[in-house]
Amino acid sequence: MTDVILPGATLGVLGSGQLGRMFAIAAARMGYHVHVYSPDSDTPAGEVSAREFTASYSDETALVEFAKSVEVVTFEFENVPSAVSEQIEKYALIRPSAYVLDVCQNRLREKSTLQNCGLPVPRFQPIRSVDDLESSLGQIGLPAVIKTASSGYDGKGQAVIRSRDDVDAVWKSLATDEAILEEFVDFECEVSVVGSRNPGGETAFYRPFRNTHTNHILDVTICPASLEPGVESRAVEIAQTLFEQLDIIGVACVELFVTRNGAVLINEIAPRPHNSGHLTIDAHVTCQFEQQVRAICGLPPGSVQQHSPAVMVNLLGDLWQTGEPDWASACLDPGVKLHLYGKSAARVGRKMGHITALGASSEDAERLAVESRGRLAGVNKQR
Ligand code: AMP
């Protein structure tokens, strides 16, 4: 029988942003203690955790002390250096595994692994020089999307190539020696499937979330996503296969494109809870962070049943540019739930919090969420 890590134990998180914060809150609710580790101090996760380790990812002494203080380590962002996982594995379990982390840290490795698992991905080519780019464009066609193999997020480190005249400038702007060229997918919509799997192989998947991005940053998530039933089941089936093939233990999110002819293609995997899953805190029986606790501790998954249609909108630092947002007005509607991450510096584009609106339908919830956010910035004020 698989060992279970019971409430009362201490769980570790690498990274200390909002995902770690919401994980720590869910873990504390279930009677676990949480230690977080990152190079920063006074962090969103540290504020609500039992202990905050502030040290660099190359500080072996601090890493060993952290690993010895917990039973299992999970992470809230995937760019933790692989040497860190190796160090931690000597003293504590690490879930998802260092292998999963390694696959997700490099877009080329990720797409190749998915393709080898028989999973659907956009057509792609590895690019290591401007000559590779010139010749691969012949196979992929225009327009195409080029992305650095590592360190890209929220649209950083990527560009759309629309003309062969752009090739030199785009390659220079990426300033990398390893990239991936993908076909440009003319998608109908973007969806994500968040799921969890425990060491005994038990899985649970939320129904897909429909996502829209602004400036490459997630803006709005809607659930139910109003997809064709065949598309919805295909999206979940892809996620299920992925979890089993990669032997994922923990929570992960599969980001998908739904094409205009109903095909479903994987864009990328996040081996952790995801921004699009934040609405599960208010709209589902079990939220994605509790699922993460349950999965890494070997407990059975909680119910993924949704009790209300819901829409989440992100609150970016942009909202603060004209002064402190009007929080009281965001709480005017009893179906609107405010989440703030405790970050003090509100920079443009920085995720500071989110609002989840619950409604009678997805459309109703979307209207409420957008109106509330508008009131925050003073947009809906009469004067
Ligand atoms: P990524 O950093 O890979 O998640 O990409 C950020 C966003 O860029 C995605 O959410 C899509 O909106 C867009 N994008 C990425 N790859 C492609 C592609 N191959 N075709 C069309 N749009 C893409």
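Residues numbered from 1 in each chain as written. Predicted model: local features only at pLDDT ≥ 70, side-chain atom pairs only at ≥ 80, totals over all residues. Heavy atoms only, no water.

## Some remarks on helix α1 (residues 18-29)
Applied cut-off: Numbered from the N terminus, helices here are DSSP runs of H or I no shorter than four residues, and strands are runs of E no shorter than two. Expected span of a helix: the number of residues minus one, times 1.5 Å. For every residue, the accessible area obtained with a 1.4 Å probe (protein chains only) is divided by the maximum for its type, and the residue is called buried under 20%, exposed over 50%, and partly exposed between those limits.
Here α1 contains twelve residues, and its C-alpha end-to-end distance of 17 Å stays within 8% of the 16 Å for a straight helix at 1.5 Å per residue. The element α1 is extensively covered by neighbouring structure, given that nine of its twelve residues are classed as buried. Those residues of α1 not exposed but buried are Q18, L19, G20, R21, M22, F23, A24, A26 and A27. Backbone geometry just downstream of α1 places G31 in the positive-phi region, at approximately 90°.

## Quick notes on the site of the ligand
Rule in force here: Here a residue is considered near a molecule or strand provided that any single heavy atom belonging to it is located within 4 Å of it. Under the rule applied, a polar contact is a pair of N or O atoms within 3.5 Å (in protein, one hydrogen donor and one hydrogen acceptor; residues adjacent in sequence only if both atoms are side-chain atoms). Every accessible area reported is derived by Shrake-Rupley at a probe size of 1.4 Å, with residue values counting cover from the shown protein chains alone. Here the nonpolar group is Ala, Val, Leu, Ile, Met, Phe, Trp, Tyr, Cys and Pro; Asp, Glu, Lys and Arg are the charged ones; every other residue, Gly included, is treated as polar. In this document the domain limits rely on a domain assignment from an automatic tool or a database.
Around the ligand sit 16 residues, and of these K147, E183, V185, E190 and E268 come closest. Between the ligand and K147, the relevant distance is 2.8 Å, taken from a nitrogen atom to a side-chain nitrogen or oxygen of the residue. V185 has a polar backbone atom sitting 2.9 Å from a nitrogen atom of the ligand. Contact with the protein chains hides 92% of the accessible area of the ligand, taken as 480 Å² for the molecule alone. Counting only elements with at least two residues in the shell around the ligand, the list comes to β7 (144-148), β9 (179-183), β10 (187-197), β14 (250-259) and β15 (264-270). A class-by-class count of the residues in the shell around the ligand yields five nonpolar, four polar and seven charged. Both domain 2 (123-183) and domain 3 (187-382) contribute no fewer than three residues apiece to the shell around the ligand.

## Notes on the packing of aromatic side chains
The geometry of an aromatic ring pair comes down to the distance between the two centres and the angle between the two planes. Defined as follows: When two rings of Phe, Tyr or Trp (its six-membered ring) have centres within 6.5 Å they constitute a pair, described as stacked for plane angles under 30 degrees, edge-to-face for angles over 60, and tilted for the intermediate range. Charge over a ring is defined by NZ of Lys or CZ of Arg lying within 6 Å of the ring centre and within 35 degrees of the ring normal.
Inspection of every chain in the model, using the stated rule, returns nine aromatic pairs. With a centroid separation of 5.1 Å and an interplanar angle of 5°, the aromatic rings of F187 and F257 are classed as stacked. Here F257 lies in strand β14 and F187 lies in strand β10, a separation of 70 residues in the sequence. For F257, a relative accessible area of 8% puts it in the buried group. The rings of Y37, F53, Y57, F66 and F77 are connected pair by pair, giving a single aromatic cluster. One residue, R162, lies across the ring of F184, its end atom 5.8 Å from the ring centre.

## Some remarks on the pairing of β9
Applied cut-off: Two strands are said to pair when DSSP picks up at least two bridges between them.
With four of five residues buried, β9 is to be regarded as a mostly interior element. The sheet contact formed by strand β6 (residues 124-127) and β9 spans four bridges and is antiparallel. Across the sheet, the residue bridging to F124 is E182, located in β9. Judged from the five bridges that link them, β7 and β9 form a sheet pairing that is antiparallel. For A144, the partnering residue across the bridge sits in β9 and is E183.

## Digging into the sheet that holds β9
To keep it simple, the criterion reads: Comment: axis = line fitted to C-alpha atoms, over the contacting stretch for helices; angle = value between 0 and 180 degrees taken between N-to-C directions. The contact definition used throughout considers only heavy atoms, calling two residues in contact when any of these lie within 4.5 Å.
The four strands are arranged β6-β9-β7-β8 in an open sheet whose pairing can be described as antiparallel. Both edges of this open sheet fall to β6 and β8 (158-161), since each of them pairs with a single strand only. Along the sheet, successive strands turn relative to each other by an average axial angle of 20°, direction set aside. The sheet contacts of helix α6 (residues 130-140) involve β6, β7, β8 and β9, and relative to β6 the element is tilted by about 175°. Sheet contacts for helix α7 (residues 167-174): β6, β7, β8 and β9; angle to β7, the most-contacted strand, approximately 25°.

## Considering the environment of S49
The residue S49 is located in the loop between β2 (33-38) and β3 (51-54) in this model. A relative accessible area of 15% places S49 in the buried class. For S49, the contacting residues outside a window of four places in its chain are A24, V34 and V36. Side-chain polar atoms of S49 contact the backbone oxygen of A45, separated by 2.7 Å.

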